[in-house]
Amino acid sequence: QVQLVESGGGLVQVGGSLRLSCAASGRTFNSYAMGWFRQAPGKEREFVAVVSWSSGRTYYSDSVKGRFTISRDNAKNTVYLQMNSLKPDDTALYYCAADPKASPLYWRSGKYDYWGQGTQVTVSS
């Protein structure tokens, strides 16, 4: 059973930084794509970033490109999301997700089979 556990969320001021972690367990993730999504109150869940566990290739949404960095530590089975220059619009519940097939449609939440419980990020102005 795949388990994803996020951590690292919190309250930060505009322009600040946070690093989210996603600890993955229960499988060998070599073929997986690992994504981060977020959902703000009253809004749909949206794609943030994805990393291929095997190749390390990454993709980002336009709204976070240049400010966020996704990475993975194979030895720790952990995926990170480094968030810099945070804005109030980044306030949301952030979810880690795992796609066993590493679909090219990585921005679609329906392609991910496993989800964490989420960690809250609040950016205050």
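Residues numbered from 1 in each chain as written. Predicted model: local features only at pLDDT ≥ 70, side-chain atom pairs only at ≥ 80, totals over all residues. Heavy atoms only, no water.

What is the right way to look at the overall build of the chain in this model?
Each helix and strand counted, the chain has zero helices and eleven strands in total. Moving toward the C terminus, one meets the helices and strands of the chain in the order β-β-β-β-β-β-β-β-β-β-β. Scaling as 2.2 N^0.38, a compact globule of 125 residues should have a C-alpha radius of gyration of about 14 Å, and the chain matches this with 13 Å. In the chain, buried positions account for 44% of the 125 residues. In the chain, the proportion of contacts linking residues at least 24 apart, taken out of those at least 6 apart, comes to 57%. Accessible surface, the chain as shown: approximately 6500 Å² in total, 45% of it carbon and sulfur. (Helix = DSSP H or I, 4+ residues; strand = E, 2+ residues; numbered from the N terminus. Rg over C-alpha atoms; globule rule 2.2 N^0.38 Å. Buried < 20%, exposed > 50% of the residue type's maximum accessible area, 1.4 Å probe, protein only. Contact = heavy atoms within 4.5 Å. Areas by Shrake-Rupley, 256 points an atom, 1.4 Å probe, with all protein chains shown as cover.)

It is not clear to me how the sheet that holds strand β1 (residues 3-7) should be interpreted in this structure. Could you clarify?
Note on sheets: strands pair through backbone hydrogen bonds, and any given pair is parallel or antiparallel. Pairing is antiparallel in the open sheet, where four strands are placed in the order β1-β3-β8-β7. At either end of the open sheet lies a strand with only one pairing partner, and these are β1 and β7 (68-73). Here the average twist between neighbouring strands, direction ignored, is 15 degrees. Note: β7 against strand β8 (residues 78-83), six bridges, orientation antiparallel. Residue pairing in the sheet places threonine 69 in a bridge with glutamine 82 of β8. (Pairing = 2+ DSSP bridges. Axes fitted to C-alpha atoms, helices over the stretch in contact; angles between N-to-C directions.)

Would you explain the packing of aromatic side chains in this entry?
What describes a pair of aromatic rings is the distance from one ring centre to the other and the angle between the planes of the rings. Per the stated rule, a full pass over the model turns up ten aromatic pairs. By the ring-pair criterion, three or more aromatic residues cluster together here, those being Phe37, Phe47, Tyr59, Tyr95, Tyr106, Trp107, Tyr112 and Trp115. The ring of tyrosine 95 carries arginine 45 above its face, with NZ or CZ at 4.0 Å from the centroid. Of note, arginine 45 hangs over the ring of tryptophan 115, and the distance from its end group to the ring centre comes to 4.6 Å. (Phe/Tyr/Trp six-rings, centres within 6.5 Å; stacked < 30°, edge-to-face > 60°. Lys NZ or Arg CZ within 6 Å of the ring centre and 35° of its normal.)

For this particular structure, what's the right way to read the environment of tyrosine 114?
Secondary-structure assignment places tyrosine 114 in strand β10 (residues 114-115). Tyrosine 114 has contacts with Val2, Leu4, Arg27, Tyr32, Cys96, Ala97, Ala98 and Pro100, leaving out every residue within four places of it along the chain. A polar contact is formed between the side chain of tyrosine 114 and the side chain of arginine 27, at a distance of 3.4 Å. (Polar contact = N/O pair within 3.5 Å; in protein donor to acceptor, adjacent residues only side chain to side chain.)

Help me understand the nonpolar core, please; the structure alone is not making it clear to me.
The nonpolar side chains of soluble globular proteins are, as a tendency, buried together. Leu4, Met34, Trp36, Leu81, Met83 and Tyr94 are the most contacted members of the largest nonpolar core, which totals 31 residues. Listing elements by their share of this core, those giving two or more residues are β3 (18-25), β4 (33-39), β5 (46-52), β7, β8, β9 (92-99) and β11 (119-124). Not counting residues up to four positions away in its chain, the partners in contact with methionine 83 are Gly16, Ser17, Leu18, Leu20, Arg67, Phe68, Tyr94 and Val121. Counting residues in hydrophobic clusters, the runner-up holds seven residues, among them Ala33, Phe47, Val50 and Tyr112. (Core = buried A, V, L, I, M, F, W, Y, C linked by side-chain atoms within 4.5 Å.)

Please clarify how the environment of aspartate 113 should be interpreted in this entry.
Note on placement: aspartate 113 falls in the loop between β9 and β10. As a C-alpha pair, aspartate 113 and arginine 67 span 46 residues in sequence and 27 Å in three-dimensional space. In this structure, aspartate 113 is in contact with Ala98 and Pro100, ignoring residues within four places of it in sequence.

Help me out: how do you make sense of unusual backbone geometry in this one?
Note: most peptide bonds trans; most residues except glycine with negative phi. Phi at serine 85 takes a positive value of approximately 50 degrees, unusual for a residue other than glycine. Assignment of secondary structure puts serine 85 in the loop between β8 and β9. Overall, the relative accessible area of 41% leaves serine 85 in the partly exposed class. Positive phi, close to 50 degrees, is recorded for alanine 102, a residue that is not glycine. Inspection of the secondary structure puts alanine 102 in the loop between β9 and β10.

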